[in-house]
Amino acid sequence: MSNPMQDKKRPFKDHKAKHFLFETDDDGRVATITLNRPEKKNPLTFESYEELTELFRSLARASDVRAVVLTGADNNFSSGGDVFDIIEPLTRMAMPDLLDFTRMTGDLVRQIRACPQPIIAAVDGICAGAGAILAMAADFRIATPETRTAFLFTRVGLAGADMGACSILPRIIGQGRASELLFTGRAMTTNEGHAWGFYNALHERPNLLGEAQRFARTVADGPWFAHAMTKKMLDQEWAMGIDQIIESEAQAQAICMATGDFRRAFEAFAAKTKPQFEGN
């Protein structure tokens, strides 16, 4: 007899992505998503934000994928939002559009956390801004000695409150350490990240992806329904719901995007000069 709920599911083994790479192992249980703009250190664009969000949302109906590896091409994870494809247009938007944008980016974190499959971030090289947020949102993080992780928002005149960072990051590394990274925007070294619990394991660069996929396979071959329940409970049992966190930070970030400091920071970047922040 047909099961109406199972009938809603579909395999992702042959899924084709447009703005990044998507592939699975032979039986489809482990999917690997590769951010693939290596010439710019794999930045995110409006299009990749939307496609990633929809993919993680739709994985709830996957009949095959049980774990996901998220990585970047050519020895870098992600440099964050593309400066000229995303940040420059944002400096010309009014508040309602800025809020639409910050809600859209927050929705990607929401869908990563809501996705029932465990997500393993395999992080190498540059992991900055929104790229650091993607690593933060994953369930497990594996890095190389060359990895440098930075939540850079304050350096472009924005709050560290971005895509859930002010709530999720302290839960991983502690309030004081998260405060330091979010206020200063400095890079967290791999050794710091490992000692603080941000990174679960360190591997040499040539072994990174293979180790991440091996670990993902171990998870995928486990009790995947129970794993999905564990993941759900890890999120659900926070004192404040993730929807409220994401919404409050979306509003805060959109307000910051309307300031002159944000615009001045972009203009300084484009001119290769140091931004002069004025607090407005």
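This is a predicted model, so every value here is computed, not measured.

Colleague: Describe the environment of Asn200, naming the residues involved and giving the relevant values.
Modeller: By the secondary structure assignment, Asn200 is in the loop between α8 (190-196) and β9 (201-202). For Asn200, a relative accessible area of 43% puts it in the partly exposed group. Separated by 166 residues in the primary sequence, Asn200 and Thr34 place their C-alpha atoms 20 Å from one another. Not counting chain neighbours up to four residues away, the residues in contact with Asn200 comprise Phe140, Arg141 and His194.

Colleague: Which residues make up the pattern of salt bridges, and what values go with them?
Modeller: A complete count under the given rule lists 23 salt bridges for this structure. The partner of Asp82 in a salt bridge is Lys40, and the shortest N-O contact between them spans 3.4 Å. Here Asp82 is found in the loop between β3 (67-72) and α3 (83-90), whereas its partner Lys40 is found in the loop between β2 (30-35) and α2 (46-58), with 42 residues between them in sequence. Counted as one network, the salt bridges with shared partners bring together Asp25, Asp27, Arg29, Arg217 and Asp221.

Colleague: Please provide a residue-by-residue account of the side chain of Thr45, values included.
Modeller: Take Thr45: it is sitting in the loop between β2 and α2. Take Thr45: its relative accessible area is 8%, and that puts it in the buried class. In contact with Thr45, not counting residues within four places along its chain, are Arg37, Asp85 and Ile86.

Colleague: Which residues make up the packing of helix α6 (residues 165-173) against helix α11 (residues 242-257), and what are the values?
Modeller: Two measures define how a pair of helices packs: the angle their axes make with one another and the distance between the axes. Close contact between α6 and α11 brings their axes to 9 Å; oriented N to C, the two are set at 125 degrees. Relative to α11, the element α6 lies oblique. Residues Ala165, Cys166, Ser167 and Ile168 of α6 form the contact with α11, whose participating residues are Ile242, Ile245 and Glu249. For the contact of α6 with α11, the class distribution of residues is five nonpolar, one polar and one charged.

Colleague: Any details on the sheet that holds strand β7 (residues 148-150)? Residues and values, ideally.
Modeller: Pairing within the open sheet is mixed, and its three strands lie in the order β5-β7-β8. Every other strand in the sheet has two partners, leaving β5 (126-128) and β8 (187-189) as the edge strands with one partner each. Geometrically, the sheet is characterised by an average inter-axis angle of 25 degrees between neighbouring strands, direction not taken into account. Taken strand by strand, helix α5 (residues 130-137) contacts β5 and β7, and its axis lies near 90 degrees from that of β5.

Colleague: Account for unusual backbone geometry, naming residues and giving values.
Modeller: At Asp74, a residue that is not glycine, the phi angle is positive and equals roughly 55 degrees. Turning to its location among the elements, Asp74 is positioned in the loop between β3 and α3. Backbone geometry places Asn75, a non-glycine residue, at a positive phi of 70 degrees. Position of Asn75 among the secondary structure elements: in the loop between β3 and α3. In this structure Asn75 comes out as partly exposed when scored by relative accessible area, which is 40%.

Colleague: Pulling in residues and values, what's your account of the sheet that holds β9?
Modeller: Taken together, six strands build an open sheet; the order of strands is β1-β2-β3-β4-β6-β9 and the sheet is mixed. The two strands at the open ends of the sheet, each matched to only one other strand, are β1 (21-24) and β9. Summarising the sheet, strand β4 (residues 119-123) and strand β6 (residues 140-143) pair through four bridges and their orientation is parallel. Looking at β6, one finds that Ile120 is bridged to Phe140.

Colleague: Explain the packing of helix α4 (residues 95-114) against α11 to me, and be specific about the residues and the numbers.
Modeller: Where α4 meets α11, the closest approach of the two axes is 8 Å, and the angle between their N-to-C directions is 145 degrees. The handedness of the crossing between α4 and α11 comes out as right-handed. Taken together, the residues of α11 that come into contact with α4 (itself represented by Met95, Leu98, Leu99, Phe101, Thr102, Arg103, Gly106, Val109 and Arg110) are Asp243, Ile246, Glu247, Ala250, Gln251, Gln253, Ala254, Ile255 and Met257.

Colleague: Kindly report on the nonpolar core, identifying the contributing residues and their values.
Modeller: Membership of the largest hydrophobic core comes to 65 residues, with the highest contact counts inside it found for Ile33, Tyr49, Phe56, Leu59, Phe151 and Phe198. If we ignore the near neighbours within four places in the chain, the residues touching Phe56 are Ile33, Val68, Leu108, Gln111, Ile112, Cys115 and Ile119. Membership of the second largest hydrophobic core comes to ten residues, among which are Ala67, Val69, Ala212 and Ala220.

Calculation rules
- Residues numbered from 1 in each chain as written.
- Predicted model: local features only at pLDDT ≥ 70, side-chain atom pairs only at ≥ 80, totals over all residues.
- Heavy atoms only, no water.
- Helix = DSSP H or I, 4+ residues; strand = E, 2+ residues; numbered from the N terminus.
- Buried < 20%, exposed > 50% of the residue type's maximum accessible area, 1.4 Å probe, protein only.
- Contact = heavy atoms within 4.5 Å.
- Salt bridge = Lys/Arg side-chain N within 4 Å of Asp/Glu carboxyl O.
- Axes fitted to C-alpha atoms, helices over the stretch in contact; angles between N-to-C directions.
- Parallel < 35°, antiparallel > 145°, perpendicular 65-115°, else oblique.
- Nonpolar A, V, L, I, M, F, W, Y, C, P; charged D, E, K, R; others polar.
- Pairing = 2+ DSSP bridges.
- Left-handed = near helix turned anticlockwise from the far one by under 90°.
- Core = buried A, V, L, I, M, F, W, Y, C linked by side-chain atoms within 4.5 Å.

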